[in-house]
Amino acid sequence: QGRPEQAVPFYKTAYERFLDVFGAQHPSTLTAMGNYANALLTLGQADEALVLFRLSYQTRLEAFGEDHPSTLLALFNLANALTDADYLEEAEPLCVQALAKHEDTFGKDHIGTLHCLRLMGTLRSKQGRQDEAIEFFRESLARRTRALGPDHPLTQQATERLEEALASTEATGIQRNGRPGCNFA
C-alpha cells in the first residue's frame, strides 16, 4: 500500500513465474502482466509499461477474439495508458474503438462503457478539445447517475471531472456550450 517501487519486483516475478508455468495466454499470466504494467505506469515508467499493455492486448486478441470481455479490458487499459502517457495520436483510435466496442458488447450503462466514456473526455481534454471533453464528461455523469445513482463514488468522480473541465474552460476564456454568453452547465 503506497509503495509501488517496492511492489514492482514482486509483480515482475509473479508475471515471469506465471509465464513459465502456465504460458502466455493463461488468464493468470495475463492478469499478472497487467498488474506489473500498472505498477510500472504508477512509477512513471510509461514506455516499459506500454510494451506490456500492448502485449497483453495483442495476446488476448489472438487468444480470445476482439469482442471477448478480457480483450476489451486490455483494449481499454492500453488506450488509458497511452492517454496517461500523452501518446494521444496513438491513443485516439483505440479510445474510440474501446468506447464503441464496449457500447456494442455491454450496453451504454455498463461500468466498462462508463470508464471508456470518461477516457474519451480525458483524451479530448488533453488534446485541447475542451468543448468535446465537456460533452463526454456530461454524458458520463448522466449515465453514471442513471446506472449507479447520484451518491455512488463513481458518479461523484464524474461530477468532479465535469466541474474541473468547466472551470478549466472558464480559466482559459472558452465559453461553455460553445456559445458566447451561455455560461451555464
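In short, a report on the structure. Since the structure is predicted, the reported quantities are computational estimates derived from the model, not experimental observations.

Looking at the overall build of the protein
In step 1: In terms of regular secondary structure, the protein is built from eight helices and zero strands.
In step 2: When its C-alpha atoms are laid out on the principal axes, the protein stretches across 65 × 35 × 35 Å.
In step 3: Summarising the internal contacts of the protein: among those between residues at least 6 apart in sequence, 51% fall at separations of at least 24.
In step 4: Entry remark: accessible area of the protein is about 9900 Å², with carbon and sulfur atoms responsible for 52%.
In step 5: In the protein, 18 side chains carry a positive charge and 25 a negative one; their mean positions are 2 Å apart.

A short note on the side chain of T29
In step 1: Of note, T29 is situated in helix α2 (residues 27-42).
In step 2: When near neighbours in sequence (up to four residues on either side) are disregarded, T29 contacts Y15, F18, L19, F22, G23 and A24.

What about helix α5 (residues 88-106)?
In step 1: An ideal rise of 1.5 Å per residue puts 27 Å on 19 residues; α5 measures up with 26 Å between its terminal C-alpha atoms.
In step 2: Taken together, the buried positions of α5 are occupied by L88, A91, L94, C95, A98, L99, K101 and H102.
In step 3: Buried residues belonging to α5 abut α4 (69-84), α6 (111-126) and α7 (130-148).
In step 4: G107 occupies a position one or two residues after α5 and carries a positive phi of about 105 degrees.

A closer look at the nonpolar core
In step 1: Residues L52, F53, L78 and C95 are the most contacted members of the largest nonpolar core, which totals 35 residues.
In step 2: By residue number, the principal contributor to this core is α2, which donates eight residues.
In step 3: By size, the runner-up hydrophobic cluster in this structure holds eight residues, among which are A133, F137, L162 and A165.

With respect to the environment of H110
In step 1: With respect to the secondary-structure elements, H110 resides in the loop between α5 and α6.
In step 2: Each C-alpha atom of the pair H110 and E66 lies 18 Å from the other, and the pair is 44 residues apart in sequence.
In step 3: Here G112 takes part through its backbone nitrogen, which lies 2.9 Å from a polar atom of the side chain of H110.

Re α6
In step 1: With 16 residues, α6 ought to run about 22 Å at 1.5 Å a step, and its terminal C-alpha atoms sit 23 Å apart, in line with that.
In step 2: Burial of α6 is extensive: twelve of the 16 residues sit out of reach of the surface.
In step 3: If you check which residues of α6 are buried, you get G112, T113, L114, C116, L117, R118, L119, M120, G121, T122, L123 and R124.
In step 4: At the exit of α6 stands G128, carrying a positive phi of roughly 80 degrees.

Details of the packing of aromatic side chains
In step 1: Under the counting rule described, the total for this entry stands at two aromatic pairs.
In step 2: Where F18 meets F22, the ring centres are 5.7 Å apart and the plane angle is 25 degrees; that geometry is what we call stacked. Of the two residues, F18 and F22 both sit in helix α1 (residues 4-22), four residues apart, roughly one turn of that helix.

Focus on the pattern of salt bridges
Think of it this way: side chains of opposite charge can pair up when their charged atoms draw near.
In step 1: In the structure shown here, the tally under the stated rule is twelve salt bridges.
In step 2: The partner of E103 in a salt bridge is R143, with the nearest N and O atoms 2.9 Å apart. With a gap of 40 residues between them, E103 in helix α5 and R143 in helix α7 connect regions that are remote in the sequence.
In step 3: Classification of E103 by relative accessible area gives partly exposed; the value is 22%.

Criteria and thresholds
Chains are numbered independently. Their residues run from 1 in the order of the written sequence. Whole-chain, interface and lining totals are the exception, using all residues; otherwise, since this is a predicted model, local features are given only for residues with pLDDT of at least 70 and side-chain atom pairs are given and counted only at 80 or more. To get the side-chain values, all heavy atoms of the structure are used, and hydrogens and water are removed first. We count a stretch as a helix when DSSP gives it H or I for four or more residues in a row; a strand needs E for two or more, and each element gets its number in order from the N terminus. Note on definitions: a residue-residue contact is assigned when non-hydrogen atoms from the two residues lie within 4.5 Å. Computed by Shrake-Rupley with a 1.4 Å probe, the accessible areas treat only the displayed protein chains as cover when residues are assessed. Positive charge is attributed to Lys and Arg, negative charge to Asp and Glu, and no charge count is given to His or to the chain ends. For this purpose, a charge sits on NZ of Lys, CZ of Arg, CG of Asp or CD of Glu. The span one expects for a helix is its residue count, reduced by one, times 1.5 Å. Only protein chains enter the accessibility calculation, which uses a 1.4 Å probe. A residue is then buried if its area is under 20% of the maximum for its type, exposed if over 50%, and partly exposed in between. Residues grouped as a nonpolar core are buried Ala, Val, Leu, Ile, Met, Phe, Trp, Tyr and Cys residues, joined through side-chain atoms within 4.5 Å. N or O atoms within 3.5 Å of each other form a polar contact, as long as, within protein, one can give a hydrogen and the other can take it, and as long as residues adjacent in sequence are counted only when both atoms are side-chain atoms. When the centres of two rings from Phe, Tyr and Trp lie within 6.5 Å, Trp using its six-membered ring, the rings pair. Their planes under 30 degrees apart give stacked, over 60 give edge-to-face, and anything left gives tilted. The term salt bridge refers to a side-chain nitrogen of Lys or Arg lying within 4 Å of a carboxyl oxygen of Asp or Glu.

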